[in-house]
Number of protein chains: 2
Amino acid sequence: MPYEHELKSLSNPIRQSVINELAQRPMSVRELTVKIDVSQPVMSQHLKVLKEAGLIEVRPEGTRNIYCVNKEKLEEIRAFWTAHWSNLLASLNEQKE
Amino acid sequence: MPYEHELKSLSNPIRQSVINELAQRPMSVRELTVKIDVSQPVMSQHLKVLKEAGLIEVRPEGTRNIYCVNKEKLEEIRAFWTAHWSNLLASLNEQKE
DNA sequence: CCTTATGATAAGCTATGCCTTATGAACACG
DNA sequence: CGTGTTCATAAGGCATAGCTTATCATAAGG
């Protein structure tokens, strides 16, 4: 099963929120900890998971680390899931007939 | 975030395989343990999780329990995800312009 | 009945996930 | 430089996930 790692990364509420926030605009760790209500180390840990899954990227800017989503990756995932679920539901419909 | 419970259920490789198998046709626990290579108790435990998430259903047939996917539920989830990811990627595209 | 097949569930163990607290590194700024 | 801000990461703890083994219930079939 492809994209297992990515799917698992996205199965956590905080990380889902991070993706949602970063889809609006790039943000520093500090900003994210304020928007989503978590401690700074927790945020860094979740960001690490998302980064290792290739879902987000970092760019240092002075003392701050600006995170943004990896657009290509998200589009890849969307494409895969769309296809996968189409097949799934297609099989299901064949069962009935 | 809606469908969190369902998404989490689907974030496990064995449970993903179960859904894939049951999308082909309804199956007994025994059949599933053979197709996917796990012990019977493990399979029962994973089936319980999927059932509690509303993704599958059971029907007793003699000594066997036949499991099948809940088609309506899967279609609900697909619809939600499609919409959610469309919004996500739409926001992303607005960032660039 | 007795036996066999099937499957649910409990108990116990280990690994993992996610949090806290503490610390150190890197940069900006006076 | 010294100080403050931002952030990553290590260490430790606790809850949960997921496995094994063992057991029990139910139905079919002689």
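In this text the structure is predicted, and so the values were computed from the model without any measurement. (Residues numbered from 1 in each chain as written. Chains lettered and ligands numbered in written order. Predicted model: local features only at pLDDT ≥ 70, side-chain atom pairs only at ≥ 80, totals over all residues. Heavy atoms only, no water.)

Draft legend 1. The arrangement of the protein's contact with DNA strand C in detail. Every one of the 22 residues lining DNA strand C counts as a neighbour, but His46 of chain A together with Arg30, Gln40, Ser44 and Asn65 of chain B are closest to it. Take the atoms of DNA strand C that sit within 4 Å of the protein: sugar and phosphate atoms are 66% of them. Between Asn12 of chain A and DNA strand C, the recorded distance is 2.8 Å, taken from a side-chain N or O atom to a phosphate oxygen. Between DNA strand C and the protein, one listed contact pairs a phosphate oxygen with a backbone N or O atom of Val29 of chain B at 3.2 Å. Counting only elements with at least two residues in the surface near DNA strand C, the list comes to α2 (13-24) and α4 (40-52) of chain A together with α3 (29-35), α4 (40-52) and β3 (64-69) of chain B. Within the surface near DNA strand C, the residues separate by chemical class into 6 nonpolar, 12 polar and 4 charged. (Near = heavy atom within 4 Å. Polar contact = N/O pair within 3.5 Å; in protein donor to acceptor, adjacent residues only side chain to side chain. Helix = DSSP H or I, 4+ residues; strand = E, 2+ residues; numbered from the N terminus. Nonpolar A, V, L, I, M, F, W, Y, C, P; charged D, E, K, R; others polar.)

Draft legend 2. The arrangement of the sheet that holds strand β1 (residues 27-28) of chain A in detail. All names here are of chain A. The strand order β1-β3-β2 describes an open sheet built from 3 strands, whose pairing is antiparallel. Strand pairing shows two members of the sheet lacking a second neighbour, β1 and β2 (56-61), which therefore form its edges. Pairing geometry for β2 and strand β3 (residues 64-69), over 6 bridges, is antiparallel. Pairing of Ile56 across the sheet is with Val69, part of β3. Contacts from α2 reach β1, β2 and β3 within the one sheet, and its direction differs from that of β3 by about 90°. Of the strands in this sheet, β2 and β3 touch α4, which is tilted by about 120° from β2. (Pairing = 2+ DSSP bridges. Contact = heavy atoms within 4.5 Å. Axes fitted to C-alpha atoms, helices over the stretch in contact; angles between N-to-C directions.)

Draft legend 3. Structural context of α2 of chain A. Residue and element names in this part refer to chain A. A rise of 1.5 Å per residue sets the reference length of α2, with its 12 residues, at 16 Å; its end C-alpha atoms lie 17 Å apart and thus fit the reference within 8%. For α2, the complete set of buried residues consists of Arg15, Gln16, Val18, Ile19, Leu22 and Ala23. Taken down its axis, α2 places every buried residue within 155° of arc, on the same side. For α2, the capping residue at the N-terminal end is Asn12, with a side-chain oxygen 2.8 Å from the backbone nitrogen of Ile14. (Expected span 1.5 Å × (residues − 1). Buried < 20%, exposed > 50% of the residue type's maximum accessible area, 1.4 Å probe, protein only. Arc of directions from axis to C-beta.)

Draft legend 4. Geometry of the sheet that holds strand β2 (residues 56-61) of chain B. Residue and element names in this part refer to chain B. Across the sheet, which stays open at both edges, the 3 strands sit in the order β1-β3-β2 with antiparallel pairing between neighbours. In the strand order of this sheet, the two ends are held by β1 (27-28) and β2, each with one partner. With 2 bridges joining them, β1 and β3 adopt antiparallel strand pairing. Across the sheet, residue Ser28 finds its bridge partner in β3, namely Ile66. Here helix α2 (residues 13-24) sits on the sheet in contact with β1, β2 and β3, set at roughly 90° to β3. Set on the sheet, α4 makes contact with β2 and β3; between it and β2 the angle comes to about 120°.

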